[in-house]
Amino acid sequence: DHPYQYIQDGIDVANPGHKIIVVYGTYNENLMIEKNDIVIIPNTFDQPIIDGGGSGSVATITGDWVTLHGFTIQNSGNMEEDAGVDLISDNTIIFGNNIMGNQNVIYLHQSANNNEIYDNDIKSNVWGVFIWEESNNNRIYTNNLISNTGFNAKDTSQNIWYSDIFNGNYWDDYSGLDSNGD
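Scoring rules and cut-offs
Residues numbered from 1 in each chain as written. Predicted model: local features only at pLDDT ≥ 70, side-chain atom pairs only at ≥ 80, totals over all residues. Heavy atoms only, no water. Helix = DSSP H or I, 4+ residues; strand = E, 2+ residues; numbered from the N terminus. Rg over C-alpha atoms; globule rule 2.2 N^0.38 Å. Buried < 20%, exposed > 50% of the residue type's maximum accessible area, 1.4 Å probe, protein only. Contact = heavy atoms within 4.5 Å. Pairing = 2+ DSSP bridges. Salt bridge = Lys/Arg side-chain N within 4 Å of Asp/Glu carboxyl O. 1 Å grid on protein atoms, 1.4 Å probe; cavity = no way out; pocket = protein on both sides within 12 Å on 5 of 7 lines; lining within 4 Å. Points joined across faces, edges and corners; volume = space filled by probe spheres on them. Axes fitted to C-alpha atoms, helices over the stretch in contact; angles between N-to-C directions.

Within the protein chain, the regular secondary structure consists of 1 helix and 19 strands. Its C-alpha radius of gyration of 15 Å places the protein chain within 12% of the 16 Å reference for a compact globule of 182 residues. The C-alpha extent of the protein chain, read off along each of the three principal axes, is 50 × 30 × 30 Å. Burial statistics for the protein chain: of 182 residues in total, 48% are counted as buried. Looking at the protein chain alone, contacts between residues at least 24 apart form 48% of all its contacts between residues at least 6 apart.

Spelled out as structure tokens, the structure:
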């Protein structure tokens, strides 16, 4: 029923258009997702855990058109660029994940454009969502950014932090007024 012991094994043999369906459990590995047009999802509503073991980024995505949905992503390394999700791709969707205990939650850099990041619980990390220069037109909305010790988000580019349909994000450290509901 389950031909691979590790998620990376499924990624390595996937072709564009494939879905990698992951059974519930804890996966102690660091994913390198270099393929285009793949979907990585669990087979149940329970979130499988991808644990980076305190080394490097938990999931590095360089392929375009990737979807990563429904996981607990935790325990990256503690170097400056280590992340729960290191995103160096375009048109990728990261949603419905619980991302915790990482250096950066989601780190977009090297011109990561047109990505969508939504419905994630982002909590108890050092830095939250970090978008570096020249990563533009990314849409980040309906995420819960809670108890991140350095900052919840930093954006040095031109991105959209709300959706016209679903509004914005929840920030546990926001102290201003939200008169427009974003």
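Following the structure, the description resumes.
Backbone geometry at S111 places phi at a positive 60 degrees, although glycine is not the residue there. With respect to the helices and strands, the residue S111 is situated in the loop between β12 (104–108) and β13 (116–118). At E134, a residue that is not glycine, the phi angle is positive and equals roughly 65 degrees. Within the secondary structure, E134 sits in the loop between β15 (127–131) and β16 (139–141).

Among the 5 residues of β12, 5 are classified as buried, and the element is accordingly described as predominantly covered. One ladder, built from 4 bridges, connects strand β9 (residues 83–87) with β12; its direction is parallel. Within β12, the position partnered with D86 by the bridge is Y107. Direction of pairing for β12 relative to β15: parallel, over a ladder of 4 bridges. Across the sheet, L108 pairs through a bridge with I131, a residue of β15.

We now examine the pattern of salt bridges. In this structure the tally under the stated criterion is 1 salt bridge. The partner of E116 in a salt bridge is R139, with the nearest N and O atoms 3.8 Å apart. Taken together, the residues E116 in strand β13 and R139 in strand β16 connect sequence positions 23 residues apart.

Turning our attention to the layout of surface pockets. Here the largest pocket is characterised by a volume of approximately 270 Å³. Lining the largest pocket are 17 residues, with P3, Y4, G10, I20 and I21 positioned closest to its centre. For the lining of the largest pocket, the element with the most residues is strand β1 (residues 19–22), which contributes 4 residues.

Our next topic: the sheet that holds strand β18 (residues 151–155). Picture the strands of a sheet paired through backbone hydrogen bonds; they go either parallel or antiparallel. Read across the sheet, 6 strands follow the order β3-β6-β9-β12-β15-β18 without closing on themselves; strand pairing throughout is parallel. Among the strands making up the open sheet, the edge pair consists of β3 (31–33) and β18. Averaged over all pairs of adjacent strands, the angle between strand axes in this sheet comes to 5 degrees, irrespective of strand direction.

With that settled, the discussion passes to the sheet that holds strand β2 (residues 26–28). Pairing in this open sheet of 7 strands is parallel, and the strands run β2-β5-β8-β11-β14-β17-β19 from one edge to the other. With partners counted over all chains shown, the strands left at the sheet margins are β2 and β19 (170–171), one partner each.

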